[in-house]
Amino acid sequence: MVLYDSTALAGNSSGSSSSSSSKPPPPPLQPQQQQEIDGLLAGAGYKVRSSELRKVAQRLERLETAMVNSPADFSQLASDTIHYNPSDLASWVDSLLSEFAQPPTCPSEFVMDPVTNQTVVNDAWTTTEPNMPQVHQNISYEQQSLNNQLTVVTAMEEDSGIRLVHMLMTCAECIQRGDFSLATSFLEDMQGLLTRVNTVCGIGKVAGHFIDALGRRIFQGIGGGSINGGSAYENEILYHHFYEACPYLKFAHFTANQAILEAFDGHDCVHVVDFNLMHGLQWPALIQALALRPGGPPLLRLTGIGPPSPDGRDSLREIGLRLAELARSVNVRFAFRGVAASRLEDVKPWMLEVNPKESVAVNSIMQLHRLLGSEPNRNSPVETVLSWIRSLNPKIMTVVEQEANHNQPGFLDRFTEALHYYSTMFDSLEACTVQPDKALAEIYIQREITNVVSCEGSARVERHEPLARWRTRLSGAGFRPLHLGSNAYKQASMLLTLFSAEGYSVEENDGCLTLGWHSRPLIAASAWQALSDAPAEFPAPDTHRPS
Amino acid sequence: MARSNEVNLNECKMVVPLNTWVLISNFKLAYKLLRRPDGTFNRHLAEFLDRKVPANANPVDGVFSFDVLVDRGTSLLCRIYRPATAEEPQPNVAELEKPVTAEVVPVIIFFHGGSFAHSSANSAIYDTLCQRLVGLCKAVVVSVNYRRAPENRYPCAYDDGWTALKWVNSRPWLQSQKDSKVHIYLAGDSSGGNIAHHVALRAIDSGIDVLGNILLNPMFGGQERTESEQRLDGKYFVTLRDRDWYWRAYLPEGEDRDHHACNPFGPNGRSLEGIKFPKSLVVVAGFDLIQDWQLAYVDGLKKAGQEVKLLYMEQATIGFYLLPNNNHFHTVMDEISKFVGSDC
């Protein structure tokens, strides 16, 4: 069985895909930020500025001395300390040093100069041998991760499976060229080949969905048609089964909740804004964690955004009521508000009724990518939304997104990427045996595939972008990263061993956490805080409501 | 044993470039946090701290890579590195396993180091090293993500190595055009070197030909305390205590360091006299405290009539091959290239 998955990034990485009205798209890095980092250490995964190497070395020395001389502090360090962002070596070493009661000065760091009788820094390190070429990295660390990357994980494959992949790619290429008649004949061939391939698992199964999606694109056009018409109710059911069948959503909720819990530490009035309430699956755990926190729970407000219910039911309110019952049972003062909106961009900040005295957490699980428009234009939805999020001055914004590049302009690139990504995701689902969770989870994923492959323009909402891109976009929009640490990592890993089959892996990536299948990350979680240099633009609550 | 409170950091500062010192010291300190006195290992923190990189099927500097699940039961992954050819600079992803085209293509099965407990095939330092080997030897490199100690003791790492060897040997697309056979070399650093030896042993009488072993600072040991261990203890990043910890973590419980896994030419080792064992290239660093065991290994091979070349790098510390900023690195890379190139 073949699992192919890829992260093919567009060759041109310099422009962002959206632009704001009054300024050019932010470049990946400002010139003054582009410090020269040691190229060899960068290759090993560590960002250290060449100018700081000596200082980091001295700190490492100090750390070692401290570790040897204070065994009590050391064993605490080994067991309790939370580590953050190991790539930033200087900060990592400093944070460990700060755990020691009395970080020593290293006797070897300083020596007495026999002539002047003054203490001087002992510069005992060799300089690099003169005939060794110095390797300097001309591109920044961030830029590296934006370069063309394609991650593939495969397993044993039968010939017909390989042929199927070939044909899928060729068909997609025909479509990109506009040769629909040739594409159609490939489609027919593939449908024939599919009957001879095992479609219960592996490439046969996922290929079937891709063949389907290509068929839709060719015959029904790119407007989405019936797929996008799935009712909100249906979507919620499918989402729930996807939640049960595999750990991706559990990981998302778990990691976000941990970060929110930490951000709310010491705050008595907290307000969580959930960009996609669904069945409110994320919140019981947070409510319970807040109930148990030392010092007692805060007053918790939850604002859940979701699509309007067509049949007169107020499904948002129903979920709110259930959450309120739970909160009451654990003595957490709780208030819920539902905001019905068909699209996230229709939400206005005044609808959230944020009180300036409360600590706000904005929680976006796989929603931001829906705001990426098909054309970079003025005031694209994502910029608008990020801007008003910022105006709320949230204590934390948790963002979880698919770790994939499904928003490339070129169809073939996007198709290739999706084939690899969803093959891997389907393969990971093999580990689940519970029905109907698995079957419905597959339908949930199939809808994503169909949207990525057969839709364009405003109908294509599954515009996934990789973490590196989100970092750039969010930094450019005035947010700074809050690093997820080793405690979150450990808990996520433990959650996996409890609930899932072997093969899932959590990785730390520059302060963010990803969950993937074998070596391929599929979902990325990050946390952000608004930079506070801009004046708050948030208007007083009752002045901007339309009459 | 090193004197407990005095930290002798001055010697190693003098012999390595600054960035190497920072890298290896960072590992040294981080690893210390992970080894618990009771013999357990903080695996979550280890995975969190390890810097990993994804495979990349788009060629970078003429090399592309992809991961393969070689054994579902043990979740054994291998990362395959291949040279991008001039005719096909951008491989179609459906053609990753396209047959090699040259008359002779060496396939190097690589076992990363980490004293059996640390690192992975997708650790950044090893990904970089494997990419270098591709260009250097015009080879396909297969890096094995073997199971690690202490959760998986002897013989898991060897079993995984053997599984990978069988898998490589049975890939039609890795067969050289000249004789339709896969031209296999086993290579590894530290614990990876140890694994290479033992996998080569297993291959004897199996019908699988291993053309050569490349052992970089291979991890061997024994009950006895040798002169180099005493002289160099704690001086160049490594202590006897940590070496002991890793052996206790890998070897079966209750076994001592004269177990044949640790000490292949010791009292419990197997004689290689008269055995068809691959030729070996063994690199020993002059500042590695276990060099006496590595030199004893070379001697053991020689006494058994096996072909072995020793590269003794006097001024080298452990890990010198991780960054290309020293002469030892280039010397060793040249030798490896000649060693692999010599059967064409």
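Relevant structure appears above.
My aim in this report is to walk through the structure given alongside it, one point at a time. (Residues numbered from 1 in each chain as written. Chains lettered and ligands numbered in written order. Predicted model: local features only at pLDDT ≥ 70, side-chain atom pairs only at ≥ 80, totals over all residues. Heavy atoms only, no water.)

### Looking at the overall build of chain B
The helix and strand inventory of chain B stands at ten helices and eight strands. Relative to a compact globule of 344 residues, whose C-alpha radius of gyration would be 20 Å, chain B shows 19 Å and is just as compact. Taken along its principal axes, the extent of the C-alpha atoms in chain B is 60 × 45 × 40 Å. A burial count over chain B gives 63% of its 344 residues as buried. Intrachain contacts of chain B at a sequence separation of at least 6 include 75% that bridge at least 24 residues. Approximately 12,100 Å² of chain B is accessible, and the part contributed by carbon and sulfur atoms is 49%. (Helix = DSSP H or I, 4+ residues; strand = E, 2+ residues; numbered from the N terminus. Rg over C-alpha atoms; globule rule 2.2 N^0.38 Å. Buried < 20%, exposed > 50% of the residue type's maximum accessible area, 1.4 Å probe, protein only. Contact = heavy atoms within 4.5 Å. Areas by Shrake-Rupley, 256 points an atom, 1.4 Å probe, with all protein chains shown as cover.)

### Remarks on the side chain of Ser 75 of chain B
Here Ser 75 of chain B lies in the loop between strand E1 (63-71) and strand E2 (76-83). Overall, Ser 75 of chain B belongs to the buried group, its relative accessible area being 16%. A distance of 3.5 Å separates the side chain of Ser 75 of chain B from the side chain of Glu 502 of chain A, its partner in a polar contact. Discounting residues that sit within four places of it in the chain, Ser 75 of chain B has contacts with Glu 502, Gly 503 and His 518 of chain A together with Leu 69 of chain B. (Polar contact = N/O pair within 3.5 Å; in protein donor to acceptor, adjacent residues only side chain to side chain.)

### Details of the packing of aromatic side chains
Residues and elements named next belong to chain A. In total, this model carries 28 aromatic pairs over all chains according to the counting rule given. On the basis of an interplanar angle of 40 degrees and a centroid distance of 5.9 Å, the ring pair of Phe 411 and Phe 415 is categorised as tilted. Taken as a pair, Phe 411 and Phe 415 lie in helix H14 (residues 411-429) at a separation of four residues, close to a single helical turn. Summarising the burial analysis for this pair, Phe 411 and Phe 415 share the class buried. (Phe/Tyr/Trp six-rings, centres within 6.5 Å; stacked < 30°, edge-to-face > 60°.)

### What about helix H3 (residues 71-80) of chain A?
Regarding H3 of chain A, the residues found buried are Phe 74, Leu 77 and Ala 78 of chain A. Seen end-on, H3 of chain A carries its buried residues on one side only, within an arc spanning 95 degrees. The exposed residues of H3 of chain A that point more than 90 degrees off its buried face are Ala 72, Ser 79 and Asp 80 of chain A. Turning to H3 of chain A, the residues buried within the fold contact helix H2 (53-69) and helix H4 (89-97) of chain A together with helix H2 (18-34) and helix H3 (43-49) of chain B. (Arc of directions from axis to C-beta.)

### Quick look at the side chain of Asp 50 of chain B
Here Asp 50 of chain B lies in the loop between H3 and E1. If sequence neighbours within four positions are ignored, Asp 50 of chain B has contacts with Ser 119, Ser 120 and Ser 123 of chain B.

### Examining H2 of chain B
One full turn of an α-helix is made of 3.6 residues, so residues set three or four places apart face in the same direction. A rise of 1.5 Å per residue sets the reference length of H2 of chain B, with its 17 residues, at 24 Å; its end C-alpha atoms lie 24 Å apart and thus fit the reference within 8%. Along H2 of chain B, 16 of the 17 residues are buried, which leaves the element largely enclosed by surrounding structure. (Expected span 1.5 Å × (residues − 1).)

### Observations concerning the sheet that holds strand E8 (residues 308-313) of chain B
With respect to topology, nine strands assemble into an open sheet ordered E3(A)-E1(B)-E2(B)-E4(B)-E3(B)-E5(B)-E6(B)-E7(B)-E8(B), the strand pairing being mixed. Each edge of the open sheet is held by one strand with a lone partner, namely strand E3 (153-154) of chain A together with E8 of chain B. For E1 of chain B and E2 of chain B, the ladder comprises eight bridges, and the chain directions are antiparallel. For Phe 66 of chain B, the partnering residue across the bridge sits in E2 of chain B and is Ile 80 of chain B. Across the sheet, helix H10 (residues 327-341) of chain B is in contact with strand E3 (106-111), strand E5 (183-189), strand E6 (210-216), strand E7 (279-285) and E8 of chain B; its angle to E6 of chain B comes to roughly 170 degrees. (Pairing = 2+ DSSP bridges. Axes fitted to C-alpha atoms, helices over the stretch in contact; angles between N-to-C directions.)

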